Amino acid sequence: MAHAVLEEQPQAHMGLPLSNGKLAMWMFLVTEVMFFTALVGVYVLLRQSAPSSGPNRWPSPHDVHVVEWMGAVNTFVLICSSLTVVLAHYVIARGNVKQAVIYIGITLALGFVFLGIKAVEYYSKWQHDILPGHIGEQLDHPVTGQQYAEKIRRELQAIEKDPKGLSEETVHECNALLKDMQESPDKTRYNPGLSPEKIGEGVMKILEEGEKKNPPETVPLTPVIPHGNMWASCYFAMTGFHALHVVGGLVIFVIILVMALLGRLGAQHAAFLEYTGLYWHFVDIVWIFLFPLIYLI
């Protein structure tokens, strides 16, 4: 009898009580953690190695035209989208497919809102020429300083030919700087007496005065920002790869909605929504790390 009772007892198995799908998702997320840890770690090392004050300090959010409220709104949007994913999984596990579809639709819409705000921010960077390799740095160097001066000369000549809606005052300041840089009547060389550092100071003065106008003017001149090219490279690498992960999540949400439209979504897909939610929560957590690093520090 005792032997029979022992045979009826369930056998213990080694390992975690996870399904194959959930285990695979967690393994995938571990690789993603390592990927973003490398990106964020490089940014933190560069940021900490640069002076926190002085002319060679790391760019502040204001220097690179980062708008804090946009980052805060995007953070709130992603947090809300994580909530709707949880609610979708909760209701579909109880057989309420219609309500789950509504929550997934809201999540999809919030994801597009996030990407829309990010597109506005990218367009602002393009307008202000805050792009990798475009920003003036190390103007005291004989090569990079001359390259920057020649680039500014071309930009000032373009403004002289076509002001592009700039105010008369701004156009006058640009023409005055161009005149100071000219050495020959054919305007092919800049005045060697006007150093690239002085040219950069004149450019930044024009840009700052343009920002103070109402409405603010975006003057198409390349700014001078110490460590600006490195900052721009890190910014577009971190936010760009994060945006690609957001796009990947939106593709999955579209597939779920198509399945619902075809009548193929049911309670048996609760695990599918759970795995999708794990991925989406990871995307949210990554942004929570990026927000203070980029927008607040």
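Residues numbered from 1 in each chain as written. Predicted model: local features only at pLDDT ≥ 70, side-chain atom pairs only at ≥ 80, totals over all residues. Heavy atoms only, no water.

Some details on the packing of aromatic side chains
Inspection of every chain in the model, using the stated rule, returns 14 aromatic pairs. With 5.1 Å between their ring centres and 85 degrees between their planes, F35 and F241 make a pair best called edge-to-face. Placement of F35 in helix α2 (residues 20-49) and of F241 in helix α8 (residues 228-261) is noted, with a sequence separation of 206 residues between them. A relative accessible area of 32% places F35 in the partly exposed class. Ring centres of Y235 and F236 lie 5.1 Å apart, and the angle between their planes is 80 degrees; this geometry places the pair in the edge-to-face category. Judged by its relative accessible area of 22%, F236 is partly exposed. An aromatic cluster of at least three residues, connected via ring pairs, comprises F35, F36, F241 and F282. Of note, R94 hangs over the ring of Y90, and the distance from its end group to the ring centre comes to 3.9 Å. (Phe/Tyr/Trp six-rings, centres within 6.5 Å; stacked < 30°, edge-to-face > 60°. Helix = DSSP H or I, 4+ residues; strand = E, 2+ residues; numbered from the N terminus. Buried < 20%, exposed > 50% of the residue type's maximum accessible area, 1.4 Å probe, protein only. Lys NZ or Arg CZ within 6 Å of the ring centre and 35° of its normal.)

Regarding the side chain of E217
Relative to the helices and strands, E217 resides in the loop between α7 (196-212) and α8. Among buried charged residues, E217 stands out as having no salt bridge; its nearest opposite-charge side chain is K213, 4.3 Å away. A distance of 2.8 Å separates a polar side-chain atom of E217 from the backbone nitrogen of S167. E217 has contacts with L166, S167, T170, G210 and E211, leaving out every residue within four places of it along the chain. (Lys, Arg positive; Asp, Glu negative; His and termini not counted. Salt bridge = Lys/Arg side-chain N within 4 Å of Asp/Glu carboxyl O. Polar contact = N/O pair within 3.5 Å; in protein donor to acceptor, adjacent residues only side chain to side chain. Contact = heavy atoms within 4.5 Å.)

Description of helix α9 (residues 270-296)
When the terminal C-alpha atoms of α9 are compared, their 38 Å separation across 27 residues agrees well with the 39 Å that a helix rising 1.5 Å per residue should span. For α9, the principal kink sits at L290 and spans about 30 degrees; a proline, P292, occurs within the next four residues. (Expected span 1.5 Å × (residues − 1). Bend = angle between axes of the 7 residues up to and from the residue.)

Digging into the side chain of T222
Along the polypeptide, T222 turns up in the loop between α7 and α8. Given the relative accessible area of 0%, T222 is considered buried. One polar contact links T222 to K151, side chain to side chain, over a distance of 3.4 Å. Beyond its immediate chain neighbours, meaning those up to four positions away, T222 contacts D129, H134, I135, G136, Y148, K151, I152, E155 and V203.

As for the pattern of salt bridges
One pass over the full model with this rule turns up six salt bridges. Among the salt bridges present, the one from E274 reaches K22, with a minimum N-O distance of 2.7 Å. Separated by 252 residues along the polypeptide, E274 in helix α9 and K22 in helix α2 bring together distant segments of the chain. The partly exposed category is assigned to E274, whose relative accessible area is 26%. Ionic pairing is found between D63 and R57, a salt bridge with its closest N-O pair at 2.8 Å.

Quick look at the nonpolar core
W231 and F253 are the most contacted members of the largest nonpolar core, which has 50 residues in total. Counting only elements with at least two residues in this core, the list comes to α2, α3 (68-92), α4 (97-127), α8 and α9. For this core, the element with the most residues is α9, which contributes 15 residues. Setting aside anything within four residues of it in sequence, one finds W231 in contact with Y43, W58, P59, V64, V66, K125, I130 and I294. Counting residues in each nonpolar core, the second largest holds 20 residues, with C174, I199, V203 and V224 among its members. (Core = buried A, V, L, I, M, F, W, Y, C linked by side-chain atoms within 4.5 Å.)

Some thoughts on the packing of helix α5 (residues 142-161) against helix α6 (residues 168-181)
Interaxial distance between α5 and α6 falls to 9 Å at its minimum, and their mutual angle equals 135 degrees. With respect to their mutual orientation, α5 and α6 come out oblique. Here α5 runs over α6; the crossing is left-handed. Contacts from A149, I152, R153, L156, Q157, I159 and E160 of α5 reach α6 at C174, N175, L177, L178 and M181. Among the residues forming the contact of α5 with α6, the class breakdown is eight nonpolar, two polar and two charged. (Axes fitted to C-alpha atoms, helices over the stretch in contact; angles between N-to-C directions. Parallel < 35°, antiparallel > 145°, perpendicular 65-115°, else oblique. Left-handed = near helix turned anticlockwise from the far one by under 90°. Nonpolar A, V, L, I, M, F, W, Y, C, P; charged D, E, K, R; others polar.)

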